[in-house]
Amino acid sequence: MSVPPVSPDSRLPRHVAIIMDGNGRWAKQRYLPRPAGHRAGVTSVRRTVEQCIAKGIEVLTLFAFSSENWRRPPQEVSLLMELFIASLERETRKLHENGVRLRVIGERTAFAPRLQDKIAEAEAMTAANRGLHLVIAANYGGRWDIAQASRQLAIEVAEGRLRPDEITSERLASRLVLADLPEPDLFIRTGGEQRISNFLLWQLAYTELYFTPRLWPDFDETAFGEALASFASRQRRFGYTGDQIEQITQRQVPPDPTQT
Ligand code: IPE
Ligand code: IPE
Ligand code: MG
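Before going into details, it helps to say that this report is about the structure given with it. Residue numbering note: each chain is counted from 1, following its sequence as written. Chains carry letters and ligands carry numbers; both start at the beginning, A for chains and 1 for ligands, and go up in the order they are written. Per-residue local features of the predicted model are confined to residues with pLDDT of at least 70, and side-chain atom pairs are confined, for both listing and counting, to 80 or more; whole-chain, interface and lining totals are unaffected and use all residues. Heavy atoms from the whole structure form the basis of all side-chain values; hydrogens and water molecules are not counted.

Moving on, we get to the packing of helix α3 (residues 74-97) against helix α4 (residues 113-126). An axis is simply a line fitted to the C-alpha atoms; with a helix, the fit covers only the stretch in contact. Between two such axes, the angle follows the N-to-C directions and lies from 0 to 180 degrees. Labels follow the DSSP assignment, with helices taken as runs of H or I lasting at least four residues and strands as runs of E lasting at least two, numbered in each case from the N terminus. Direction vectors running N to C along α3 and α4 enclose 15°, while the axes themselves pass 10 Å from each other. Regarding the angle of α3 to α4, the classification is roughly parallel. Between α3 and α4 lies a crossing whose hand is left-handed. Here α3 contributes Met81, Glu82, Phe84, Ile85, Leu88, Glu89, Thr92, Arg93 and His96 to the contact with α4, which in turn contributes Arg114, Leu115, Lys118, Ile119, Ala122, Met125 and Thr126. Here the contact of α3 with α4 is built from residues that sort into eight nonpolar, three polar and five charged. An angle counts as roughly parallel when it lies under 35 degrees, as roughly antiparallel when it exceeds 145, as roughly perpendicular when it falls between 65 and 115, and as oblique in every other case. Take the far helix as your reference; a near helix turned counterclockwise from it by less than a right angle gives a left-handed crossing, and one turned clockwise gives a right-handed crossing. Here a residue-residue contact requires only that any non-hydrogen atoms of the pair lie within 4.5 Å. Gly counts as polar in this scheme, as do all residues outside two lists: the nonpolar Ala, Val, Leu, Ile, Met, Phe, Trp, Tyr, Cys and Pro, and the charged Asp, Glu, Lys and Arg.

Shown next as structure tokens:
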């Protein structure tokens, strides 16, 4: 069984995953319509991306639209789609110039063709970059991700290329949409709710969770710094004891699961 790396210098998360929640309440507090909150949320996205680039974080995954958000009033869904298109149009070139690789995860066939084209264009433009991986989860659901990975394996079994006993958690994980990236080290949810809301269910198995009451449009550099400080203060044990982890850290070598 593979063991997540425990590295002594892992004070900075390689992968940060964020549920950007609280735009609507931010607007309500100001007697503004909800779209104003979503617009302010885009500013917060820009600021957070800049922070990740400055700090050398490798992957930033942002939950922009869940597979359940279609349940919202149609005007709000349309506004969110328009904002998505406008942000891609406005920001892609700058992201590209900053070496950012953009990837959108989720069931994108549900989007209007125009949005699907914009997404494909932005991904193609930035595909060869070597800087921050910026992952936007849109019409994404953790259960969908596990289902689509299972479907891939089922097809292989049906075609005789895989035996059912070869289905392991590693093989299933290799078919998830973020299989090529490190799993999230730090999960942040703004807006005060303490739930996962069908975000990266599989990948969050050993992620450090951080919840803040701060609403997404108010999530600034200081707030991000607080989340990173909280992460840095934690001991990640991955099933080992605290003493084992301290020994591993002193030896500065990754743990060997066969030598316990
Ligand atoms: C998060 O903010 C943005 C999306 C879900 C698209 P909300 O719109 O959920 O804000 P609240 O939770 O209503 O305050
Ligand atoms: C989660 O927020 C989804 C996104 C931030 C895109 P929601 O506001 O939709 O979550 P619930 O409904 O409160 O769980
Ligand atoms: Mg919400």
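This paragraph deals with the sheet that holds strand β2 (residues 59-66). Being paired, for any two strands, means DSSP has found at least two bridges between them. Pairing within the open sheet is parallel, and its six strands lie in the order β3-β4-β2-β1-β5-β6. Looking at which strands have only one partner, the edges of the open sheet turn out to be β3 (101-105) and β6 (208-211). Averaged over neighbouring strand pairs, the angle between their axes works out to 20° when direction is ignored. The strands that helix α7 (residues 221-232) touches are β1 (15-19), β5 (186-189) and β6; relative to β5, the one it contacts most, it runs at about 140°.

A few words now on α3. Think of an α-helix as 3.6 residues a turn; residues three or four steps apart then line up on the same face. With 24 residues, α3 extends 35 Å from end C-alpha to end C-alpha; this agrees with the ideal 34 Å at 1.5 Å per step. The principal kink in α3, of about 45°, is found at Glu91. Downstream of α3 by a residue or two, Gly99 has a phi angle that is positive, lying close to 75°. Here, expected helix span is obtained from the residue count minus one, scaled by 1.5 Å. A residue's bend is the angle separating two fitted axes: one through the seven residues that end there, the other through the seven that start there.

On to the site of ligand 2. Near is defined per residue: the residue qualifies when any heavy atom it owns lies within 4 Å of the molecule or strand. Close to ligand 2 lie Ile19, Met20, Asp21, Phe63, Ala64, Phe65, Ser66, Asn69, Arg72, Arg189, Arg195 and Ser197. Between ligand 2 and Arg189, the relevant distance is 3.2 Å, taken from an oxygen atom to a side-chain nitrogen or oxygen of the residue. The separation between an oxygen atom of ligand 2 and a polar side-chain atom of Ser197 is 2.6 Å. Surface burial for ligand 2 is 78%, taken as the share of its 390 Å² of free accessible area covered by protein chains. Of all the elements, β2 adds the most residues to the shell around ligand 2, at four residues. The residue inventory of the shell around ligand 2, partitioned by class, reads five nonpolar, three polar and four charged. Any pair of N or O atoms that falls within 3.5 Å is considered a polar contact. Within protein, one atom must be able to donate a hydrogen and the other to accept it, and sequence-neighbouring residues count only if both atoms are side-chain atoms. Reported accessibility uses the Shrake-Rupley method at a 1.4 Å probe radius. Residues are deemed covered only where the shown protein chains occlude them.

A regular strand places its side chains on the two faces of the sheet in alternate fashion. Each residue's exposure class comes from its accessible area (1.4 Å probe, protein chains only) as a fraction of the maximum for that residue type: buried when under 20%, exposed when over 50%, partly exposed otherwise. With seven of its eight residues buried, β2 lies for the most part within the structure. In this structure, β1 lies alongside β2, joined through five bridges in parallel fashion. When the sheet's bridge partners are listed, Val16 is paired in β2 with Leu60. As paired elements, β2 and strand β4 (residues 133-140) share seven bridges and run parallel to each other. Considered in β4, the bridge of Thr61 is made with Val135.

A few words on unusual backbone geometry. For residues besides glycine, phi is generally negative; the peptide bonds are generally trans as well. At Asn139, a residue that is not glycine, the phi angle is positive and equals roughly 50°. Examined against the element boundaries, Asn139 turns out to sit in strand β4. Positive phi, close to 50°, is recorded for Phe238, a residue that is not glycine. Within the secondary structure, Phe238 sits in the loop between α7 and α8 (242-251). Among the residues examined, Phe238 registers a relative accessible area of 14% and is labelled buried.

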